[in-house]
Amino acid sequence: MKEQIDLYKYENELLNKGYKLIAGCDEAGRGSLVGSVYCASVILDPLNKIEGLNDSKQLTEKKREKLYLEIKEKALFYKIVAIDNETIDKINILEASRLGMMNAVKELGVKPDYILTDYMKLYDIDTPVLDLAHGDALSASIAAASILAKVERDHYLIELDKEYPEYHFKENKGYATKSHKEALKKYGPTKLHRMSYAPVKEVTLIQYSLDI
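1. Topic: the pattern of salt bridges
If you walk through the whole model with that rule in mind, you get twelve salt bridges. One salt bridge connects Glu13 with Lys9, and the closest N-O pair in it is separated by 3.5 Å. Within this pair, Glu13 and its partner Lys9 are both found in helix α1 (residues 9–16), separated by four residues, close to a single helical turn. Given a relative accessible area of 38%, Glu13 falls into the partly exposed group. Residue classification places Lys9 among the partly exposed residues on the basis of a relative accessible area of 38%. In this structure, Lys66 and Glu70 form a salt bridge, with 3.8 Å as the shortest nitrogen-oxygen distance. You can see Lys66 and its partner Glu70 sitting in helix α2 (residues 61–74), four residues apart, about one turn around the helix.

Written as C-alpha cells, this is what we have:
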C-alpha cells in the first residue's frame, strides 16, 4: 500500500520553529510552445486547511477548478503573475519562471517569513528559501500555488483558443502535441509563440528558407 504523504509536514515543522507566514511557489506552462508562463505564490491559513491538495498535474480539471476557488477563498494571501513569451525568448524559460515566482512573492501584499518552492532557487529575496524536488507533491503551499498557476494558465489558453481556433489551444494548452505541431507547420507561428523553442524555431527556419 502506498504511504500517504502529509502535505502539511513542511509547513507544520516551520510553524513549530516559529515561522508564521509560509509561502509556497510554483509555475505552470514551462513546456508549452506558446504564451506566458504563469507563476503563483500562496500563503495558506494553518487554521483553515484545504483538503485534497496535490500536484496540479495529478488532479482532474474539475477538481483543479474546485480547489482553485477554494484556495482563493481560504488562503491568507496569494498572487498570480504571468511572464510573457517575449521575455521567455529573451531570458530563457528557467529565468522567466524564476522571475515570475520572485514577482509573485514580492507582490503578495505581505513579506513571508519562509518560502517553499518547487525546486526553484530564488534570488534577491531577503527570506529563507527551501527548494524541494517534486515540491508540488510534498507541500500543501506549493501544491496550492501549482493549482492557481495551472488553472489561471488554462483559462488564458481557452481565451487564446478563441483568437486562434486553428491551433486548438483549449485541447492542447499550447504543448507540443502532434496536432499543435501540425498546425504550426500549416499556419506558421503566431505572435504569441515562443520563438526560442525548437519546434517553433524549426518551422520558422523552414519558412524563411522557402521565402529566399
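Anyway, onward from the coordinates.
2. What about the packing of α2 against helix α5 (residues 140–163)?
Two elements in contact, α2 and α5, have axes separated by 9 Å at closest approach and are oriented at 115 degrees. For the pair α2 and α5, the sense of crossing is left-handed. Across the interface between the two elements, Arg64, Glu65, Leu67, Tyr68, Ile71 and Lys72 of α2 pack against Ala144, Ile147, Leu148, Lys150, Val151, Glu152, Asp154 and His155 of α5. For the contact of α2 with α5, the residue count by class is seven nonpolar, one polar and six charged.

The rules behind these values
- Residues numbered from 1 in each chain as written.
- Predicted model: local features only at pLDDT ≥ 70, side-chain atom pairs only at ≥ 80, totals over all residues.
- Heavy atoms only, no water.
- Salt bridge = Lys/Arg side-chain N within 4 Å of Asp/Glu carboxyl O.
- Helix = DSSP H or I, 4+ residues; strand = E, 2+ residues; numbered from the N terminus.
- Buried < 20%, exposed > 50% of the residue type's maximum accessible area, 1.4 Å probe, protein only.
- Axes fitted to C-alpha atoms, helices over the stretch in contact; angles between N-to-C directions.
- Left-handed = near helix turned anticlockwise from the far one by under 90°.
- Contact = heavy atoms within 4.5 Å.
- Nonpolar A, V, L, I, M, F, W, Y, C, P; charged D, E, K, R; others polar.

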